[in-house]
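# Residue-level structure breakdown
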Amino acid sequence: MCATCGCGVAGVRVFGPGQLGPAGHDHGTDHSHDHEHAHGPGQADRGQAPSHEHGLDGRTVQIQQNILAKNDRLAEDNRAWLTARGILAVNLMSSPGAGKTTLLERTAREAGAGLGLTVIEGDQETTLDASRIEAAGCAVAQINTGAGCHLDASMVARGLSALNPSPGSVLVIENVGNLVCPALFDLGEAARVVLSSVTEGADKPIKYPQMFRGADLVLLTKVDLLPYVDFDTGRHARDLKLISPGAQIMPVSATTGEGLPAWYAWLSERTR
Amino acid sequence: MHELAITEGVVQAVTERLPGTPIACVHLEIGVMSGVVADSVRFCFDLVTEGTTLEGARLDIIQPAARCRCRDCGAEFEPDGMIALCDCGSADVAVLAGQELRIRSVEVV
């Protein structure tokens, strides 16, 4: 049994560019599961030989292995592949509804051509987000994780083969909306960007420190709504400083466009 | 619930290292700042080991405490919870211990 989704085999599905279908909902709902079995962390190479032999000369066998070793190894493979091609890969994370896809739609329309932007979308189900990105004129691959709560490096490797981003381009990997689980899984990205929206409240960095600790950049989104919500930007910045002293904060609004030139410049500077 | 994938990773690592060997006990190290909840791993373990050589195995988890060093004043301290803040007021700290996420050893049947 697949322990990730509880089905007979893995529930991960990958849709490449041109495979999204009409209205962003082209997969069957019968849960038929005729897919291949290659989700991670690391079932793809299950058949490989052990790295070295162990003599069972006692009842206890030392393993001394990082539990995430396999994902980390696959992430390093992704990173090497991306780096060799000069591709900037960004792992974009937030809770559901913080505005990841809306930000990417506007980024695709306003700066997509200049950045050579491509996107890997991660969601439990549907190709809705990929269709939105495609409609904004950007090449996109959709990963459906089934019951999975995060993307892992093997899923991203499959997304990379489906998408095949060009050398020197920017690839944004929109993770599954979740402020907890994605924090632990290296995908091979060069930078981690976490969205924190003003409608969620200012206490998110201190409530979800694991996620914000790893952030290179925090985008404070929906700032056009600041006059209408009770959000203390000073407290948000102070708390973030406690969790991640090096993280930069950038206030943006994908509705009005406020702050977006700085976001585009941030991406552009890192591709050189 | 990333602990399900984490626990699955444990089973895969053990079955790859010791194919076909029935396992009596698995010893893990899950630091208190690792971002993984030991109780959730215990909860997932029976489900994930079903039908494998680890089915019925005992799960032993040790949880190393967190230890940090302040990059500003050099003091070493044990942080209170997930937020590592030095008494000097600095949050710029190196985590020395508490982020472990390791399979230490297994006992074979």
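Residues numbered from 1 in each chain as written. Chains lettered and ligands numbered in written order. Predicted model: local features only at pLDDT ≥ 70, side-chain atom pairs only at ≥ 80, totals over all residues.

## Some points on the overall build of chain B
When helices and strands are counted, chain B shows 2 helices and 6 strands. When the helices and strands of chain B are listed from N to C terminus, the series reads α-β-α-β-β-β-β-β. Rg of the C-alpha trace for chain B: 17 Å, well past the compact-globule value of 13 Å for 109 residues, more than 25% over. With respect to the principal axes defined by its C-alpha atoms, chain B has extents near 55 × 25 × 20 Å. A buried classification covers 35% of the 109 residues belonging to chain B. Put simply, 71% of the contacts in chain B that link residues at least 6 apart link residues at least 24 apart. (Helix = DSSP H or I, 4+ residues; strand = E, 2+ residues; numbered from the N terminus. Rg over C-alpha atoms; globule rule 2.2 N^0.38 Å. Buried ≥ 20, exposed ≤ 12 C-beta atoms within 10 Å, placed from the backbone. Contact = placed C-beta atoms within 7 Å.)

## What to know about the sheet that holds strand β5 (residues 93–97) of chain B
Residues and elements named next belong to chain B. The 3 strands are arranged β4-β3-β5 in an open sheet whose pairing can be described as antiparallel. The sheet is open, and its two borders are formed by β4 (76–77) and β5, each paired with just one other strand. For strand β3 (residues 67–70) and β5, the ladder comprises 4 bridges, and the chain directions are antiparallel. Within β5, the position partnered with C70 by the bridge is V93. (Pairing = 2+ DSSP bridges.)

## A short note on the environment of H27 of chain B
Residues and elements named next belong to chain B. Here H27 lies in strand β1 (residues 23–30). For H27, a count of 18 C-beta atoms within 10 Å translates into the label partly exposed. Ignoring any residue separated from it by four or fewer positions in sequence, one finds H27 in contact with D60, R104, S105 and V106.

## Considerations on the sheet that holds strand β2 (residues 58–62) of chain B
Across the sheet, which stays open at both edges, the 4 strands sit in the order β2(A)-β6(B)-β1(B)-β2(B) with mixed pairing between neighbours. With partners counted over all chains shown, the strands left at the sheet margins are β2 (60–66) of chain A together with β2 of chain B, one partner each. This sheet shows a mean twist of 20° between the axes of neighbouring strands, independent of strand direction. (Axes fitted to C-alpha atoms, helices over the stretch in contact; angles between N-to-C directions.)

## Quick notes on the nonpolar core
Within the largest apolar cluster, 89 residues are counted, with the highest numbers of intra-cluster contacts made by V156, V172 and I173 of chain A together with V10, V14 and V26 of chain B. For this core, the leading source of residues is helix α1 (residues 3–17) of chain B, giving 7 residues. (Core = buried A, V, L, I, M, F, W, Y, C linked by C-beta atoms within 7 Å.)

## A few points about the interface of chain B and chain A
The partner chain A presents 33 residues to the 32 residues of chain B that form the contact. Among the secondary structure elements, those contributing two or more residues to the side of chain B that touches chain A are α1, α2 (38–49) and β6 (101–108) of chain B. Broken down by element, the residue count for the side of chain B that touches chain A peaks at 11 residues, all from α1 of chain B. For the side of chain B that touches chain A, the per-class residue count stands at 18 nonpolar, 6 polar and 8 charged. (Nonpolar A, V, L, I, M, F, W, Y, C, P; charged D, E, K, R; others polar.)

## What to know about the environment of R213 of chain A
Residues and elements named next belong to chain A. In this structure, R213 sits in helix α6 (residues 209–213). On the basis of neighbour counts, which here come to 23 C-beta atoms within 10 Å, the residue R213 falls in the buried class. Once the C-alpha coordinates of R213 and E174 are considered, the two residues, 39 residues apart in sequence, prove to be 18 Å apart. Filtering out sequence-adjacent residues up to four positions away, R213 remains in contact with I243 and S244.

## Quick notes on the packing of α1 of chain B against α2 of chain B
All names here are of chain B. Taken N-terminus to C-terminus, the directions of α1 and α2 make an angle of 55°; their axes are 9 Å apart at the nearest point. By the angle between their directions, the pair α1 and α2 is classed as oblique. For the element pair α1 and α2, the recorded crossing hand is right-handed. For the pair α1 and α2, the contacting residues are E3, L4, I6, T7, E8 and V11 in the first and S40, V41, C44, F45, V48 and T49 in the second. In terms of residue class, the contact of α1 with α2 is built from 7 nonpolar, 3 polar and 2 charged. (Parallel < 35°, antiparallel > 145°, perpendicular 65-115°, else oblique. Left-handed = near helix turned anticlockwise from the far one by under 90°.)

Coordinates in, geometry out; function isn't part of it.
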